[in-house]
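# Understanding the architecture of this molecule
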Amino acid sequence: MKFLLIALTLLLPVLAHASEGEAALPAQNWSFNGLRAGWNKAELYRGYTVATQVCMSCHSFKYITHRDLMRAGFTEAEVKAMAKSMNMDLNAPLLTGLAPADAQETYGKVPPDLSMMNKAREGGADYVHAVLTGFSEDPALIKEHFPDGLPAGAYFNKAFPGHAIAMPPPLQEGAVTYADGTPATVEQMAHDVATFLQWTAEPERFERQRMGVFVLIYLAIFTLLAYLSKRAIWKDVKGH
Ligand code: HEC
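Residues numbered from 1 in each chain as written. Predicted model: local features only at pLDDT ≥ 70, side-chain atom pairs only at ≥ 80, totals over all residues. Heavy atoms only, no water.

Right, let's talk about the site of the ligand for a bit. Close to the ligand lie 21 residues; Cys55, Cys58, His59, Tyr127 and Met167 are nearest. Between the ligand and Tyr127 there is a distance of 2.5 Å, counted from an oxygen atom to a side-chain nitrogen or oxygen. Interatomic distance of 2.9 Å between a backbone N/O atom of Ala166 and an oxygen atom of the ligand. Because more than half of its atoms lie within 2 Å of the grid, the ligand is assigned to the largest pocket. Broken down by class, the residue content of the shell around the ligand amounts to 17 nonpolar, 2 polar and 2 charged. (Near = heavy atom within 4 Å. Polar contact = N/O pair within 3.5 Å; in protein donor to acceptor, adjacent residues only side chain to side chain. 1 Å grid on protein atoms, 1.4 Å probe; cavity = no way out; pocket = protein on both sides within 12 Å on 5 of 7 lines; lining within 4 Å. Sits in = over half its atoms within 2 Å of the grid points. Nonpolar A, V, L, I, M, F, W, Y, C, P; charged D, E, K, R; others polar.)

Take a look at the structure:
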């Protein structure tokens, strides 16, 4: 009985979380989730391409430098070449050239820093992907949500809370040219840049997991030793 109560108490938050209707976000297959999770370098490089060539015209990644990319598996020569192609110092944070005052004037909002975005929003990468692919000009859909028309300067977006976003649709078919020849569809770019944003939000993700595995192995060995010594001791006590 007691055990059941404890088990239930432990399970409750999990169950409660599972039922928090987030049906609106179509869950994607991410390379950083699941059994064979890890950072996919090709994907990250494509995401970096979108982030620097598209998003950075408005958004900063203030917690990220080119040197940090070495933690994602890029070599020093690679990150040097990447920084050079952007005319940036290896240790300089990835900052947009758009001044906050100019952004405010043009868009009515200052684009938020994207380094921690995947952690700051419920749904993380699924949410970012949904926002990037969620723009619509369907008049019926817009009228349904805004009978008096969209607020001035806003764009309709299915995933953004309130559905009126100040960000113009940033991704158009072929907005970038991928070095690996992958066709730059809106879907592909959204997926790649959302993966990149996951990395900027938690570059330590797999370092932490590896640590977790070591702790588990340590605990398993410790448990085995405890069990063996218990057996040895009881053997004497019982006089077998
Ligand atoms: C032309 C400028 C511009 C570009 C380019 C741009 N954004 Fe934005 N973005 C904005 C503005 C302005 C906002 C603030 C929107 C609001 O709060 O209504 C914003 C907001 C966001 C948000 C926050 C949504 C939220 O929940 O608050 C995300 C995520 C985002 N942008 C991602 C991106 C990504 C990824 C790219 C590159 C593919 C990108 N943006 C390119 C201007 C831009």
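Following the structure, the description resumes.
Tetrahedral coordination by four donors sets the ideal angle at the metal to 109.5 degrees; octahedral coordination by six donors sets it to 90 or 180 degrees. Those protein atoms acting as donors to the iron atom of the ligand are His59 (NE2) and Met167 (SD), and they sit at 2.0 to 2.1 Å. Considering all 6 donor atoms around the iron atom of the ligand, angles at the metal cover 85 to 179° and the coordination shape is octahedral. Of this pair, His59 sits in the loop between helix H2 (41-53) and strand E1 (61-65) while Met167 sits in the loop between strand E4 (164-165) and helix H8 (186-201), and the two are 108 residues apart along the sequence. (Donors = N, O, S within 2.8 Å, 3.2 Å for Na, K, Ca; no water. Tetrahedral: all angles 85-135°; square planar, octahedral: opposite > 155°, others 65-115°. Helix = DSSP H or I, 4+ residues; strand = E, 2+ residues; numbered from the N terminus.)

A volume near 650 Å³ is recorded for the largest pocket. Lining of the largest pocket is provided by 27 residues; of these, His59, Pro112, Leu114, Ile165 and Met167 occupy positions nearest its centre. Listing elements by their share of the lining of the largest pocket, those giving two or more residues are helix H6 (124-132) and H8. If you tally residues by element for the lining of the largest pocket, the top one is H6, at 4 residues. Split into classes, the residues belonging to the lining of the largest pocket amount to 23 nonpolar, 2 polar and 2 charged. (Points joined across faces, edges and corners; volume = space filled by probe spheres on them.)

Residues separated by three or four positions in an α-helix point in the same direction, a consequence of the helix having 3.6 residues per turn. Within H6, 9 of the 9 residues are buried, which leaves it mostly tucked inside the rest of the structure. Listed as buried for H6 are Gly124, Ala125, Asp126, Tyr127, Val128, His129, Ala130, Val131 and Leu132. The inward-facing, buried residues of H6 abut helix H5 (117-120), E4 and H8. (Buried < 20%, exposed > 50% of the residue type's maximum accessible area, 1.4 Å probe, protein only. Contact = heavy atoms within 4.5 Å.)

Now for the confidence of the model for the chain. When pLDDT is averaged across the chain, the result is 90; 89% of the residues are at 70 or more. Within the model, pLDDT remains below 50 along residues 18-23, and this stretch shows 2 contacts once partners closer than five positions in the same chain are excluded. (pLDDT = per-residue confidence, 0-100.)

Before going further, it helps to examine the nonpolar core. Within the largest apolar cluster, 44 residues are counted, with the highest numbers of intra-cluster contacts made by Val50, Phe61, Leu69, Phe196, Leu197 and Trp199. Counting residues per element, the ones that place at least two in this core are H2, E1, helix H3 (76-85), H6 and H8. No other element matches H8, which puts 7 residues into this core. Excluding residues that lie within four positions of it along the chain, Leu197 makes contacts with Phe61, Leu114, Ser115, Met117, Asn118 and Val128. (Core = buried A, V, L, I, M, F, W, Y, C linked by side-chain atoms within 4.5 Å.)

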